[in-house]
Amino acid sequence: MVLAFAGVSVASMAQDAVPTEKYSVATNSFWSNWFVQANVVGTAFWGNQEVQNNFDKSPLKGFRNNLGFSVAIGKWFTPGLGLRTKFNGIWGRTVVSTDKETNANKYWTLNEQVLFNLSNILLGYNENRVWDFIPYAGVGLNRNMSADLYAPVWGVGILNEFKLNKKLAINLDINYNIGLNDYDGFTGILPGAKQRDGRTFQGFIANHDRTLNVEIGLTYNLGKAGWSKTPDVEAIKALSQGQIDALNAQLADANAENARLQKQIRDHKCPTTTNALDTKNTVKEIVSAPVSVFFNLGKAKIASQKDLQNVQAVADAAKANNAKILVTGYADSKTGSANLNQSLSQKRAEAVADALVNMGVDRSNIEINAAGGVDTLSPISYNRRATVELK
């Protein structure tokens, strides 16, 4: 079983061999990220009454182990931190002999546990990750029904989850628990046994009842599972700055047009005779400032659909006048290689061109240019964009 688990673990870790972008996630509602679990449990029992006697201490001995089950309900509050309430039992052993029938008892344990998903904490949240490595610690209450006794219990464990889909995962849960001396319902000392010095760590463990559990089962996620990516703050800033830049460019164009008209008026000479208006030679002039469409780091998917509102205006003007449109893609030069940025800028330009086609612009009227990685705008994230303008 250990070899099989190791093989699956190595295969599962391969998914994180390629670096993935770490990002923040949005906080979900209280009713999101709940889960339930059901497992078959193999448990080995040791009691303080057998310390240093001649019983075989192997967990595989039939007089020491038994099968049971566990069920749990829990919630993830963040991708790395969760709580779980787990019930397990119900057939156990009180090790007072090497006969498994003599040792048989019935019990249950209720634990409250804190879960730490180290896969998400150390590697960042990845919704496509197959294997999650989740250490945990907890405290609880044990009830020995055969002896009519209660005892506090505490323990640690490792939960391995192998995701089948967004809703379902396979569990491999290994945990070790320690209880007070009446955990197993026996408070005496067996012949040949003797207490160890409880001031040492080994003595402290040996002088308490304890169990080792190996659990295999399923996890089912209730309601919304997973975590949504928070909006890219830099992309939002870039979007706002892009709108400001577009307004400034339009203002500059308006000022230039105003100056041109004023000069035309100053240079105009009134004709000596009055002629009818010439409506046959009217020329319509189109003035268009470049419109920016922004992208997140390393992505060729448009970050905000609001950018396309300005692109729509350019598309309408092009269709009305049968004009050509130039789409230029960019990447920021500070991240990625030159070849990667060239390819990324090409894909960004093509993404905007596809949006123009969806707006009714003929593909033959769209020219695409890939500028690669640049640093013309500051901060550098503003260069993750494509511009659209009339030729």
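A separate point is the overall build of the protein. When you go through the protein residue by residue, the secondary structure sums to seven helices and twelve strands. Scored against the burial criterion, the 391 residues of the protein give a buried share of 39%. Considering only intrachain contacts with a sequence separation of at least 6, the fraction spanning at least 24 residues in the protein is 72%. Surface summary for the protein: the accessible area is close to 21700 Å², and the carbon and sulfur share equals 60%.

Time to look at helix α7 (residues 338-358). The end-to-end C-alpha distance of α7 is 30 Å, a good match for the 30 Å that 21 residues give at a rise of 1.5 Å each. Taken together, the buried positions of α7 are occupied by Asn 341, Leu 344, Ser 345, Arg 348, Ala 349, Val 352, Ala 353, Ala 355 and Leu 356. Where α7 is buried, its residues contact β9 (291-294), α6 (307-321), β10 (325-332), β11 (366-374) and β12 (385-390). Taken from the residues just after α7, Gly 360 is the one with a positive phi, measuring 105°.

This paragraph deals with the pattern of salt bridges. Summed over all chains, the structure comprises ten salt bridges. For Glu 215, the salt bridge goes to Lys 86, with nearest N and O atoms at 2.8 Å. Of this pair, Glu 215 sits in strand β8 (residues 209-222) while Lys 86 sits in strand β3 (residues 81-93); the two residues are 129 residues apart in sequence, bridging distant segments of the chain. Here the salt bridges share partners, and the residues they tie into one network are Arg 84, Lys 86, Asp 173 and Glu 215.

Tracing the backbone through its elements, the reader meets Arg 348 in helix α7. At a separation of 2.9 Å, a polar atom in the side chain of Arg 348 contacts the main-chain carbonyl oxygen of Lys 299. Ignoring sequence-local partners within four residues, the contact set of Arg 348 consists of Phe 295, Asn 296, Leu 297, Gly 298, Lys 299, Ala 300, Tyr 330, Ala 331, Arg 384, Arg 385 and Ala 386.

Along the chain, the position of Ala 386 falls in strand β12. Looking at Ala 386, the relative accessible area reads 0%, which means it is buried. Residues Ala 386 and Val 327, spaced 59 residues apart in sequence, show a C-alpha to C-alpha distance of 6.7 Å. Not counting the four nearest positions on each side in its chain, Ala 386 is found in contact with Val 291, Ser 292, Val 293, Phe 295, Thr 328, Gly 329, Tyr 330, Arg 348 and Val 352.

The predicted coordinates of low-pLDDT regions are not to be read in fine detail. Here the protein averages 84 in pLDDT, while 82% of its residues score no lower than 70. Per-element mean pLDDT across the protein ranges from 46 in helix α1 (residues 2-13) up to 97 in strand β1 (residues 34-46). A low-confidence stretch, residues 1-20 (pLDDT under 50), is modelled with 21 contacts involving residues beyond four sequence positions or located in other chains.

Val 311, Ile 325, Val 327, Val 352, Leu 356 and Val 388 are the most contacted members of the largest nonpolar core, which totals 23 residues. Listed by contribution, the elements that provide at least two residues to this core are β9, α6, β10, α7 and β12. Those residues in contact with Val 388 that sit more than four places away from it in its chain are Ala 289, Pro 290, Val 291, Val 311, Val 314, Ile 325, Leu 326, Val 327, Val 352 and Leu 356.

Here we take up the packing of aromatic side chains. Scanning the entire structure with this criterion turns up ten aromatic pairs. With a centroid separation of 6.3 Å and 10° between ring planes, the pair formed by Trp 131 and Phe 162 is classed as stacked. On the criterion of sequence distance, the pair formed by Trp 131 in strand β5 (residues 131-144) and Phe 162 in strand β6 (residues 149-163) is long-range, its members being 31 residues apart. Phe 162 carries the same exposure label as Trp 131, and that label is buried. Members of the aromatic cluster, joined through ring pairs, are Phe 69, Phe 87, Trp 91 and Trp 108. A cation over an aromatic ring shows up here: Arg 84 above the ring of Tyr 136, its NZ or CZ 4.7 Å from the ring centre. The ring centre of Tyr 330 lies 5.2 Å from the NZ or CZ of Arg 385, which sits over that ring.

Criteria and cut-off values
- Residues numbered from 1 in each chain as written.
- Predicted model: local features only at pLDDT ≥ 70, side-chain atom pairs only at ≥ 80, totals over all residues.
- Heavy atoms only, no water.
- Helix = DSSP H or I, 4+ residues; strand = E, 2+ residues; numbered from the N terminus.
- Buried < 20%, exposed > 50% of the residue type's maximum accessible area, 1.4 Å probe, protein only.
- Contact = heavy atoms within 4.5 Å.
- Areas by Shrake-Rupley, 256 points an atom, 1.4 Å probe, with all protein chains shown as cover.
- Expected span 1.5 Å × (residues − 1).
- Salt bridge = Lys/Arg side-chain N within 4 Å of Asp/Glu carboxyl O.
- Polar contact = N/O pair within 3.5 Å; in protein donor to acceptor, adjacent residues only side chain to side chain.
- pLDDT = per-residue confidence, 0-100.
- Core = buried A, V, L, I, M, F, W, Y, C linked by side-chain atoms within 4.5 Å.
- Phe/Tyr/Trp six-rings, centres within 6.5 Å; stacked < 30°, edge-to-face > 60°.
- Lys NZ or Arg CZ within 6 Å of the ring centre and 35° of its normal.

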